[in-house]
Amino acid sequence: MSVAPTTEELVRQAKRITVKIGSSLLVEREGLRRDWLAGLVEDLAAIRSGGAQLVIVSSGAVALGRKRLGLSRSARLDVKQAAAAAGQPLLMESWAAAFARHDVPVAQLLLTFGDTESRRRWLNARATIETLIAKGAVPIVNENDSVATEELRFGDNDRLSARVAQMVRSDLLVLLSDVDGLYSANPRARAEAQHIPFAEKVTAELMDLAGPAHGESVGSGGMRTKLDAARIAASFGCATLIANGTGEHPVRALLDGSARATLIAGQGSPASAYKQWIAAALAPTGKLAVDGGAAEALGNGRSLLAAGIRGINGEFGRGECVSVVNAEGREIARGLISYSADETRAIAGLRARDIEQRLGYNRGDAVIHRNDLVLL
C-alpha cells in the first residue's frame, strides 16, 4: 500500500472480513446495549448481502456473566471462568436474535490458545468455520474462558481475532472498541495528541506511542494489544482497521467516512503469505510420491487426490507439512495434509468416492487441498 485507501474502499473491497467487538461496546452498567447491537448487525448484514463473508470475534461473556451472577470484578481465575460460563449463552442469544431479524443464522465457536497453535486443531477449527460460511452462517468466535488456564490463554480478544483472521485468510481485520485509532500520545491525557490515520507497518516507535494501554472501561485490551494484533495480521497479508465503535452504526460510519480510524497495511495478500509460510517456515515430516498424472494436475493448480499417490515415507499426523515428489524423486510441492500417515497409506491409489468405504469416514476428497499446497 504505497497510498492509503479510504476506509470505505477498504471495507467494500474486502472479500472476507473478521470483525472484533470489544466488551465496552456490548456491555454497559445497565447491561447489554441491545439497540447498539441491532445497529451493528444491520450494518454487517448489509455488507454480507453485498458479497462479503463475515467472521465475528465477540467479547462480552465475562461482563454479562458477572451481571447475571452478581459477581464483583475479581481477578481470581475461577470467578472469571464462572462468569464466562454464565455469560456465554446470554451473549450468543443476543447475537442470534439480532441476526435473526435479517434471516441470517449464527454459530458459536469457543477456541482456546491450543486450538490456534496445534496444526491438527487449527485445521479442525478452520474446516468448521469454512463449512459454516459456505452454508450461509456467521461464525461468532470467543475464547473459551470457562476452561482456559491463566498460562495458556489469549487474555484478550484482539490477539484471538488476529489468529482467527489468519486461520480463515481474511482480507481485513476490523477492531472495534471505544478508541478511534492510534494517537501520537494518549488522547485522554493530552489534548494536543494527533490522530494517526495510516501506518505502513507496526514499528517499535508505534508501539511506544501506544503506551501501556489506552484501555477500555469494561474490556481487558488496550492499544498495545491492538497493535500486536495488527502486526500478526499484517504478517499474513491482512490489513487492520482500529476504529471507534461506540456510535449506533459503527460500520456504516466507516463506509461513509464519518468515523476516524487507524489503518495498518497488510504485507502482500493472505493467500500468498500463507503459501510462503508453508514453503519456507515448515519442515516436512513426510514424503508422498505421485504419478505423472497427479504431478501434472498439481502444476495446473489442482488438489492432490489419493488416486495419484504411489508411495508414502515417514510418520506424520493430520495437518502436518509433507513434501510431494514426482516419479523421478524431485520435490515438486509441499503442503498441509488432511490425513495421517496411516490413513494415507490406507487410501493411496483410491478414488475419492471410495475413501469412506475404506476408512469408515471421509476427511475430504483432497489429501492435500490446493489452498494448503505450494508448488516448488
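Structure report, in brief. Computed from a predicted structure; not experimentally measured. (Residues numbered from 1 in each chain as written. Predicted model: local features only at pLDDT ≥ 70, side-chain atom pairs only at ≥ 80, totals over all residues. Heavy atoms only, no water.)

1. Re the overall build of the protein
Using the following cut-off: The helix count covers DSSP runs of H or I at least four residues long, the strand count covers runs of E at least two residues long, and both are numbered beginning at the N terminus. A simple rule labels every residue: compare its accessible area, found with a 1.4 Å probe on the protein chains alone, to the largest value its type can have, and call it buried under 20%, exposed over 50%, or partly exposed in between. A contact between two residues is defined here by any heavy atoms of the two lying within 4.5 Å. Areas reported here follow the Shrake-Rupley algorithm with a probe of radius 1.4 Å; residue values treat only the protein chains shown as occluding. Positive: Lys, Arg. Negative: Asp, Glu. His and the chain ends are not part of the count. One atom stands in for each charge, and that atom is NZ of Lys, CZ of Arg, CG of Asp or CD of Glu.
The helix and strand tally for the protein stands at 15 helices and 19 strands. Summarising its shape, the C-alpha atoms of the protein cover approximately 70 × 50 × 40 Å along the three principal directions. For the protein, buried positions account for 53% of its 376 residues. Looking at the protein alone, contacts between residues at least 24 apart form 72% of all its contacts between residues at least 6 apart. When the accessible area of the protein is evaluated, it comes to approximately 16700 Å², of which 48% is carbon and sulfur surface. The centroid of the 45 positive side-chain charges in the protein is displaced by 3 Å from the centroid of its 42 negative side-chain charges.

2. Thoughts on the pattern of salt bridges
To keep it simple, the criterion reads: Should a side-chain nitrogen of Lys or Arg be within 4 Å of a carboxyl oxygen of Asp or Glu, the pair is scored as a salt bridge.
Taken as a whole and assessed by the stated rule, the structure comprises 19 salt bridges. Its salt-bridge partner being Arg 260, residue Asp 180 comes within 3.7 Å of it at the nearest N-O pair. Remark: Arg 260 occurs in the loop between α11 (250–256) and β12 (261–264) and Asp 180 occurs in the loop between β7 (172–177) and β8 (182–183); sequence separation between them is 80 residues. Arg 310 serves as the salt-bridge partner of Asp 291, at 2.9 Å between the closest nitrogen and oxygen. Residue Asp 291 is found in the loop between β13 (286–290) and α13 (292–299), and its partner Arg 310 is found in strand β15 (residues 309–313); the two are separated by 19 residues along the sequence. Take Arg 310: its relative accessible area is 53%, and that puts it in the exposed class.

3. As for unusual backbone geometry
With a phi close to 60°, Asp 103 is a non-glycine residue in the positive phi region. Phi is positive for Arg 169, which is not a glycine, with a value near 55°. Secondary-structure assignment places Arg 169 in the loop between α8 (157–168) and β7.

4. Overview of the pairing of strand β11 (residues 239–244)
Note the threshold: When DSSP finds two or more bridges between a pair of strands, those strands are recorded as paired.
The buried fraction of β11 amounts to five of the six residues, a majority that puts the element mostly inside the structure. Bridge analysis of β7 against β11 gives six bridges, and the strand direction is parallel. Bridge pairing links Val 174 to Leu 241 in β11. As paired elements, β11 and β12 share four bridges and run antiparallel to each other. Within the sheet, the bridge partner assigned to Ile 242 lies in β12 and is Thr 262.

What is shown is where atoms sit, not what they do.
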